[in-house]
Structures are given as structure tokens and as C-alpha cells.
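Analysis of the macromolecular model
Take a look at the letters that make up each chain.
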Amino acid sequence: MPIRLYDSLTRSLRELQPGEKDGVFRFYNCGPTVYAPAHIGNFRTFVVNDVLRRLLELEFGPAKVKHVRNLTDVDDKTIRRSREERRPLEAVTKQWTDKFHADCDALNCLRPHVEPTATGHIQEQIDMIDVLMKKGNAYRAADGSVYFKVSSFDGYGRLSRVKERELQVGSALAGKSQAVDADEKEDATDFALWKAHKPDDGVNSWNSPWGTGRPGWHIECSAMSKKHLGETIDLHTGGVDLLFPHHENEIAQSECCNGTPFSRHWYHSEHLLVDGKKMSKSLGNLYTLDDLKAKGFSPLALRYALIAGHPRKQLNFTLESLHAAESALKKLQVIVTVFHDPKYRVAGNGTPSRLGEVLGHLRDDLNTPAALGSLFKLGHEISCGIGGGPTDADVATLDQILGVLGLEATKLNTLAAAPKAEAPDDIKALAEKRWAAKASKDFAAADTLRKELATAGWSMLDRKDGYSLEPLKK
Ligand SMILES: [Zn+2]
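Residues numbered from 1 in each chain as written. Predicted model: local features only at pLDDT ≥ 70, side-chain atom pairs only at ≥ 80, totals over all residues.

1. Quick word on the overall build of the chain
Secondary structure assignment for the chain yields 16 helices and 15 strands. Classification of the 474 residues of the chain by burial places 40% in the buried group. For the chain, long-range pairs separated by at least 24 residues make up 72% of all intrachain contacts whose partners lie at least 6 apart in sequence. (Helix = DSSP H or I, 4+ residues; strand = E, 2+ residues; numbered from the N terminus. Buried ≥ 20, exposed ≤ 12 C-beta atoms within 10 Å, placed from the backbone. Contact = placed C-beta atoms within 7 Å.)

Dropping the structure here:
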């Protein structure tokens, strides 16, 4: 069964196949702007893309997948941060690039094969703008900025279907005033390819045929994708927030410049909500990986929580979902241990693994929740010997699945072996009192003591034969 993935451009499920004769699958994923720590909403996109990359490598072979993800290291936000902190732009972007890498490593995301930066590709961006100017798809405003002329590209709006709505509004606005200021763009929908130098930019500007300035944001992906993957790529991905205008603009620039289709396939992962709301600083629900680590959660639990929902549906993240992810990882580790223990192994007589169904779910539009659901069901059955214990094929398939999910056995075992925090004596005494109250059916007292423990930052997990104490993650 080939990999089928939803294509945002044709709005249909389509097979993923390399388009070039060399059999290399060319995959571009829009990367972060490096001016602050990435939040868990950003990481949803990167983790989903990591699963996709791993699945592609399983399908086509690791040497036949080329993954490029850019770093936006010059834009309004990075420059503002550099100005506020009175540090060179490179110092700011290096700090946050390093942090992004450390977070990605902790989340077990593979590094892209090429990670180009906007500042490292100024000439490539100028070259593309130059072609667009010569072809009449771009114009220079009086202040030295260069804009893409949206009306020059008939295909504009194909991806986002905005043409009928927003574009009409834009044109109507522009049409009202015949005499548009010479230093402004000609149409409200046109977008900047080159931004003329402004005093706030400080030293962060480059020479160009149109005067000093810096590239607009959209052009960097067109230029870097062309340089590292060629004019037509197999797959372009990003979060759904990038669909318009960023990806629409990338298509316009690339296709007008190169005269060839830009990407054969477009894929967008959906938003992450936190506690049912959009993430925002003012709501206090904008978590970074460090925030969650400080609450005692492992990065692998976050990885699990981020793939527990369908990538094309909004996912509601809560701290409870992280607790659930930790429990799921523990159960998975038990299944993995049984599978890897030769004493439970049974002869398979060459039959394919029952776990093949799990990979089938991943190949079917990257349905991670269905894959996890069937992994637990079949994994539990096989490890319990229902329908026979694990065969060699089951073990091999389980390892492949864990590899694609980025939840390899070694990672799960390390997590399981991590030392647990020991409760102090006063907490142990409170727990003993509560256990006694519960045993004597004084549930009111037991409940009061449970609340006391929670206030002190501990939770008591009751079992039939006893209890355990765990630090409470807030
Ligand atoms: Zn991009």
C-alpha cells in the first residue's frame, strides 16, 4: 500500500511518489523564526513532519528522501529583538537556533538534511526577484521596495481559494483611489519581495539592484527550496496558518520565476489548542518545552501527546493529555519489553505481522491516532499471547513502527528507567494516615488528606494492595 496524504491544493488524498527520475523524494518544510523559544503549537507541526519524514524514509529508503527546512533569521521580529537587547542580529538568531535544535533533539525529531538560513541566501533571493522584475511580475516602488504584482499571476489563490473573497476586497480598495501614492504598492494584495532599508533595521541590510534593504519573508522559501531541491519539489508542508498568504505567495513567486509547477503536493497540519483555546501570551497558555519539563513531564510525553490526535484536525492540548501520554508510554514500554524477550517468541511460519495494520494507518493520510490505537490493541493481544505470542515478523514490524513514530525501544527504556522522586518523610506520614483512613472507610478524612497531599505537591496513586506517591505536575 503506497503512502496517501491529503493534498491541500487539490483537496484530495493523493499518493506520494518521487517525481524525478533519480527516485529522490524532495520534501520542504517551513521552519521557525529564530527570535524566541518555539512553543508547543510550533512543535506540533515539526513533530508531525518528523513522523512524515520517518515514514517516507521507511517507504523510499533513507538515502532517497531529501528534507529541507529553513530558518528565518531576518525579519521584523528578529530585528526588533536584536534592537531591544542591543545585541547583533546574529547573536540573537544563533541563541534561538541552538535552543530550537536542543528542543528538537529532546523531542527526538531528526535534523533536516539541509537547514538553510535566509541571511545565507540573500543573493539567491535577489536573483529570483530580478527574474520577476524582468518578467513583469514585480515592480519597484519609489522608496526602493519591490513588490510582487498579484494580478500578474492567474493562478493566485488556487491553494487557499482566496481569490473570490479577500482578493476582491483588495482590488476594490486599490480601485477606489486611482492615484495611489508612488511609494506605496499598486494594489492592496501585492506583497513585498524586497523591503527598502528603514532606520529601525540598523545594520541589517544588504545591497541590491533596487537599493539597500532586506528580502521579504515569503521569497526566502522559494529561493532556498529552488537552490536545495530544484524548481519542482515533491512535497511542501507547514502549519495551516502558513497556507495563506505565505504558501500562496511562495507558489506565485516560484511559478512566475521558474515557469514550472512549484510543488506536486501540499500538506498542512492543523492548529494546537490549549485548554480549548487558541494559544496566547495573555491567556497564559503558551507553553514551551521548558515550561513542561519544569512541571516534570518528559519531552517524549509531549511528542506522544502531539501525535495522539489526527494531524489534520485541531488538537486540544491539556496537562491531563500529557499525563495520559506518560501512561501510554509506560504501557508501550511493557509491550516492547515482552516483544523483545526471546522467551515469549513463537514461530511465525513466514506469515506477515499482524502489526502491519498499524503501518497501514500511517500510510493512510498519516492517521497517527488510528495507528496508536491499533498498536496498543494488537500489541497488547500479542504480548498476552492472544492468537499466539510475538513472531520474528511482529518484532521487526514493531521496531519499524516505533522508528516511524520516533518512540524507539531505547528511548522508552531510558524513560522507564529514570529515577522517581522520593517523597519526604512528612509526605509519607500523611500518605500513611490517608491509607489508614481509607481502609477504615472514613472517606471524608481520606479525601481531606488527599487534598492536603495535593497542596504539598504530591499525588497518591491507589492500587488494590497499596499505593505509590508521585510528585504532582502542575
Ligand atoms: Zn516557507
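2. Considerations on the domain arrangement of the chain
Under the domain assignment, the chain is made up of domain 1 (4–269), domain 2 (272–417) and domain 3 (425–471). Taken over C-alpha atoms, the centre of domain 1 sits 32 Å from the centre of domain 2. Between domain 1 and domain 2, the residue contacts involve 23 residues of the former and 29 residues of the latter. Among the secondary structure elements, those contributing two or more residues to the side of domain 1 that touches domain 2 are β1 (4–7), α1 (40–60) and α3 (89–106). Here the side of domain 1 that touches domain 2 takes twelve residues from α1, the largest share from any one element. When the residues that make up the side of domain 1 that touches domain 2 are grouped by side-chain class, the tally is 14 nonpolar, four polar and five charged. (Domains from an automatic or database assignment. Nonpolar A, V, L, I, M, F, W, Y, C, P; charged D, E, K, R; others polar.)

3. A short note on the sheet that holds strand β8 (residues 213–215)
Strands sit in the order β5-β6-β7-β8 across an open sheet of four strands; the sheet is antiparallel. Across the chains shown, the open sheet's two edge strands, defined by having one partner strand only, are β5 (138–140) and β8. When strand polarity is set aside, the average angle formed by the axes of neighbouring strands in this sheet is 20°. Pairing of β5 with strand β6 (residues 146–148), which is carried by three bridges, proceeds in the antiparallel orientation. Bridge pairing in β6 links Arg-140 to Val-146. (Pairing = 2+ DSSP bridges. Axes fitted to C-alpha atoms, helices over the stretch in contact; angles between N-to-C directions.)

4. Side note on the nonpolar core
Counting 101 residues, the largest nonpolar core has Val-51, Ile-129, Leu-193, Ala-301 and Leu-302 as its most contacted members. It is α1 that provides the largest number of residues to this core, a total of nine residues. Summarising the domain contributions, this core has at least three residues from each of domain 1 (4–269) and domain 2 (272–417). With residues near it in sequence (within four places) discarded, Ile-129 still touches Ala-138, Val-146, Leu-193, Trp-194 and Ile-219. Among the nonpolar cores identified, the runner-up in size contains six residues, and Ala-446, Leu-453, Trp-458 and Met-460 belong to it. (Core = buried A, V, L, I, M, F, W, Y, C linked by C-beta atoms within 7 Å.)

5. Let's talk about the packing of helix α4 (residues 122–134) against helix α7 (residues 243–258)
The description of two packed helices rests on the angle between their axes and on the distance between the axes. Across the interface, α4 lies against α7 with an axial gap of 9 Å and an inter-helix angle of 70°. Judged on the interaxial angle alone, α7 and α4 are roughly perpendicular. In this structure, α4 crosses over α7, and the sense of that crossing is left-handed. Residues Met-128, Val-131 and Leu-132 of α4 pack against Gln-253, Cys-256 and Cys-257 of α7. The residue makeup of the contact of α4 with α7, split by class, is five nonpolar, one polar and no charged. (Parallel < 35°, antiparallel > 145°, perpendicular 65-115°, else oblique. Left-handed = near helix turned anticlockwise from the far one by under 90°.)

6. Topic: helix α10 (residues 319–340)
Between the first and last C-alpha of α10 there are 32 Å, a value that for 22 residues agrees with the 32 Å anticipated at 1.5 Å per step. Every buried residue of α10 is listed here: Leu-322, Ala-325, Leu-329, Leu-332, Ile-335, Val-336 and Phe-339. For α10, the angular spread of buried residues about the axis comes to 130°, placing them on one side. Of the residues in α10, the exposed ones pointing more than 90 degrees away from the buried face are Glu-320, Ser-327 and Lys-331. Its buried side turned inward, α10 meets α8 (289–294), α9 (299–307), α12 (368–383), α13 (392–405) and α14 (409–417). (Expected span 1.5 Å × (residues − 1). Arc of directions from axis to C-beta.)

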